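# What the coordinates show
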Number of protein chains: 2
Amino acid sequence: MAAKSRPKSDAPDASDRVGRIREGVTAAILEHRLLPGTKLGEDEIGEIYGSSRTLVRTALQQLAHEGIVNIEKNRGAFVARPTPADAREVFEARRLIEPTIVDHAVDAVSPAWIGRLQRHLAEEREAELRGDARASVRLSGDFHRLVAEMSGHSIYLGFLKELIARSSLIILLYRRHDTPACGTDHHAGIVAAIRKRDRAAARAQMLSHLDEIEAELFLKDPAADELRLADVLGA
Amino acid sequence: MAAKSRPKSDAPDASDRVGRIREGVTAAILEHRLLPGTKLGEDEIGEIYGSSRTLVRTALQQLAHEGIVNIEKNRGAFVARPTPADAREVFEARRLIEPTIVDHAVDAVSPAWIGRLQRHLAEEREAELRGDARASVRLSGDFHRLVAEMSGHSIYLGFLKELIARSSLIILLYRRHDTPACGTDHHAGIVAAIRKRDRAAARAQMLSHLDEIEAELFLKDPAADELRLADVLGA
DNA sequence: ACAGGCGAAACTTTATACAATCCTCGCCTG
DNA sequence: CAGGCGAGGATTGTATAAAGTTTCGCCTGT
C-alpha cells in the first residue's frame, strides 16, 4: 500500500504513472473509501504515489472530466458530491444507453465472452458471500462495464464508464440503508438472456435492474455534510 | 456552515487561459481549418496564445479526452482522424441520444428559448447565404448543442458536445462532395415542432435529420489517407 | 467582550529548467 | 549504389521553483 518515493524508479511498468494514480484514486472513490467532499491535496497524493504534483494534477483533471472530482479554482480538487438532480440525470442516461448496449452484446455473443461474464458473476457472488462490501460495489460496476466492452462500441463504453463512476457516488450518498443485497441475481439473469441471444429479454432485464437500483435510492437534498477526512487518513 | 453560499462563478473567459486555448483550437478543428492528422506542437500553440507549454498541454489533454485530438506518447498531439467504424458509432449514439434530448426540449419550451432558437436559425441562414462554409459548419453543430442546453440535462449536453465535435471531423473526412446545402430546413422544422410541443414530430424530424446527414457520408475504408495527406501539404 | 481588518502560512497556478525519448540525416560498410 | 547504423537536433515528459490567491489566526479599536 505504502508507495515509496524512490528517485530511480525500478517499477516494471512505470511507463504510465498518471494512469496508475488515476486508477488508484478512482478505485478509492468507487469503493467508498474516499467520501464526497474530501479534499484531494496534490502534495498529499503525490507523496503517496512518489510522483510530483505535475502528474497528480493531470490525473485529477481527467477525473474531473469524468465527473467524479470537482476542481474549484484556486481551492483544489474534491471528491464530487452529486446532487439529487445529477442522480436523476445519470440514471435516466443509463436507462437510455444500457438497453442498447445489451442489444449489441447479444450480437457479439461468443463462448469466450460468456466465459468472462460467468467468471465475473462468480467473483461477484464470492465477494457478496464474504461480506466484502467494497469489492461488491466495485464488481457491480465492473459488470456493466464488461457488458459495454462486449458490445464493442467504444463511444458507449466511454460514456458508460462515466455514468458508472458517478452512479457509485450516488449510491453511496442516497442509498436507503434498509435495502438487502441486490444486483447479483439480476446480473445473472442478464447474462442468461445474452447467452440465449434473447434481445428483448436482455433489454427488459437490464431496464428493470436499473429501475430497481434507482428505486432503492432516496433522493432528498443532502443536509449531512459529515466529511470524515480523519477516517481516510487513519486508514 | 454556508459551504458554498456563493459559487464564486467560473469566470467565463476572464482569466481562464486554458479555456481560451481549448476553444480556439476546437473552433479551428470544427471549422475545418485544422485538418485531421495535423501536428499540434506545444511550443507552436504556446507561442500563438502567449502562454507556456503547461497550459497548452492541459488544453490538449482535454481535447484528447473529447476525442478530437490524439496524443501519442513521446510523439505529440495530432488532430484526430476518425475511422469509418468510429463514424458509425458516433452517429448511432447521436440517433439514440438526440431524440431523447428534443423530448426534453419540448418540456422546457418557453418564449425565451424559442427566441434563442430562431435567432440561431437566422444566423445559420445568413451564413449559408453568404457562402461562409466555415461558419456554416460551426453553426450547424451549435444548433444541436443549443437544443441540448435547452433540455437542461447536463449529462446529455456533455455527451453531445463530444459527439458533435467528432461529427464535424467525420463530415469533413467522409462527406460526398456532390451534396447540396443541407440541414437548415431540417433545423427549422425541428424548431417548429418544439414550439408546437409536438414530441413525436420533433423526435421524428431529428431522427430523419441525422439519417440524412449520415446518408450523405461515404464510409469507405480509408485507403486514400495518403492522398489526403498530399492535399494537406499542397494546401 | 466582540467585530472587523491585517498579515502570515498554505495551497494552487503558472513558468522555467532539466531529463528522456524519438526522428532525421549523414556516414560507413557491404 | 543500397542499406544499416549512429550522432545530432528537436520535441515531449517530468520536476522544481517562482507567483498569485485564499484562508485562518491574531491583533486592534470600539
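These remarks concern the structure in this document. (Residues numbered from 1 in each chain as written. Chains lettered and ligands numbered in written order. Predicted model: local features only at pLDDT ≥ 70, side-chain atom pairs only at ≥ 80, totals over all residues. Heavy atoms only, no water.)

## As for the protein's contact with DNA strand C
By nearness alone, 17 residues border DNA strand C, and A:Arg57, A:Asn74, B:Arg17, B:Thr54 and B:Arg75 come closest of all. Within the side chain of A:Arg57, an N or O atom sits 2.3 Å from a phosphate oxygen of DNA strand C. Contact between DNA strand C and B:Arg17: a phosphate oxygen at 2.9 Å from a side-chain N or O atom of the residue. Mapped by element, the contributors of at least two residues to the surface near DNA strand C are helix H3 (53–66) of chain A together with helix H3 (53–66) of chain B. (Near = heavy atom within 4 Å. Polar contact = N/O pair within 3.5 Å; in protein donor to acceptor, adjacent residues only side chain to side chain. Helix = DSSP H or I, 4+ residues; strand = E, 2+ residues; numbered from the N terminus.)

## Side note on the packing of aromatic side chains
Scanning all chains against the criterion turns up one aromatic pair over all chains. Seen from their ring centres, A:Phe159 and B:Phe159 are 3.8 Å apart, and the 5 degrees between their planes marks the pair as stacked. With A:Phe159 in helix H7 (residues 154–174) and B:Phe159 in helix H7 (residues 154–174), this residue pair bridges two chains. The exposure class of B:Phe159 is buried, given its relative accessible area of 2%. (Phe/Tyr/Trp six-rings, centres within 6.5 Å; stacked < 30°, edge-to-face > 60°. Buried < 20%, exposed > 50% of the residue type's maximum accessible area, 1.4 Å probe, protein only.)

## A closer look at the environment of B:His153
Looking at the secondary structure, you find B:His153 in the loop between helix H6 (133–151) and H7. Taking the relative accessible area as the measure of exposure, B:His153 reaches 12% and is therefore buried. Remark: the alpha-carbon pair of B:His153 and B:Arg33, spanning 120 residues in sequence, is separated by 31 Å. Those residues in contact with B:His153, other than ones at most four positions away along the chain, are A:Glu89, A:Glu92, B:His104 and B:Ala148. (Contact = heavy atoms within 4.5 Å.)

## A closer look at the protein's contact with DNA strand D
Close contacts around DNA strand D come from 15 residues, with A:Arg17, A:Ser52, A:Thr54, B:Arg53 and B:Arg57 the closest. Counted by atom, the contact set of DNA strand D within 4 Å of the protein is 68% sugar and phosphate. Measuring from a sugar or linking oxygen of DNA strand D, one finds a side-chain N or O atom of A:Arg17 at 3.1 Å. Interatomic distance of 3.4 Å between a backbone N/O atom of B:Asn74 and a phosphate oxygen of DNA strand D. The set of elements that each furnish at least two residues to the surface near DNA strand D consists of H3 of chain A together with H3 of chain B. It is H3(A) that contributes the most residues to the surface near DNA strand D, three residues altogether. Of the residues contributing to the surface near DNA strand D, the split by class is one nonpolar, six polar and eight charged. (Nonpolar A, V, L, I, M, F, W, Y, C, P; charged D, E, K, R; others polar.)

## Quick look at the packing of helix H4 (residues 84–107) of chain B against H6(B)
All names here are of chain B. With their axes 8 Å apart at the nearest point, H4 and H6 run at an angle of 55 degrees to one another. One way to sum up the angle between H4 and H6 is to call them oblique. Read as a crossing pair, H4 and H6 show a hand that is left-handed. Every residue of H6 that contacts H4 at Arg94, Glu98, Ile101, Val102, His104 and Ala105 is listed here: His144, Val147, Ala148, Met150 and Ser151. Looking at side-chain class alone, the contact of H4 with H6 contains six nonpolar, three polar and two charged residues. (Axes fitted to C-alpha atoms, helices over the stretch in contact; angles between N-to-C directions. Parallel < 35°, antiparallel > 145°, perpendicular 65-115°, else oblique. Left-handed = near helix turned anticlockwise from the far one by under 90°.)

## Examining the interface of chain B and chain A
Taken together, the contacts link 24 residues of chain B with 24 residues of chain A. When chain B packs against chain A, close to 2200 Å² is buried across both sides, 58% of that on carbon and sulfur atoms. Applying the counting rule to chain B against chain A returns eight residue pairs in polar contact (both at pLDDT 80 or more). Taken together, the elements giving at least two residues each to the side of chain B that touches chain A come down to H3, H4 and H7 of chain B. No other element matches H4(B), which puts eight residues into the side of chain B that touches chain A. Counted by class, the side of chain B that touches chain A contains eight nonpolar, 10 polar and six charged residues. (Buried area = accessible area lost by both parts, 1.4 Å probe.)

## Brief notes about the packing of helix H4 (residues 84–107) of chain A against H4(B)
The packing of two helices is summarised by the inter-axis angle and the distance between the axes. At a minimum axis distance of 11 Å, the contact between H4(A) and H4(B) shows a crossing angle of 150 degrees. Taken together, the axis directions place H4(A) and H4(B) in an arrangement best described as roughly antiparallel. Once H4(A) is placed against H4(B), the crossing between them reads as right-handed. Residues A:Glu92, A:Leu96, A:Ile97, A:Thr100 and A:His104 of H4(A) form the contact with H4(B), whose participating residues are B:Glu92, B:Leu96, B:Ile97, B:Thr100 and B:His104. Taken together, the residues that form the contact of H4(A) with H4(B) break down as four nonpolar, four polar and two charged.

As far as function goes, none of this settles anything; it's purely spatial.
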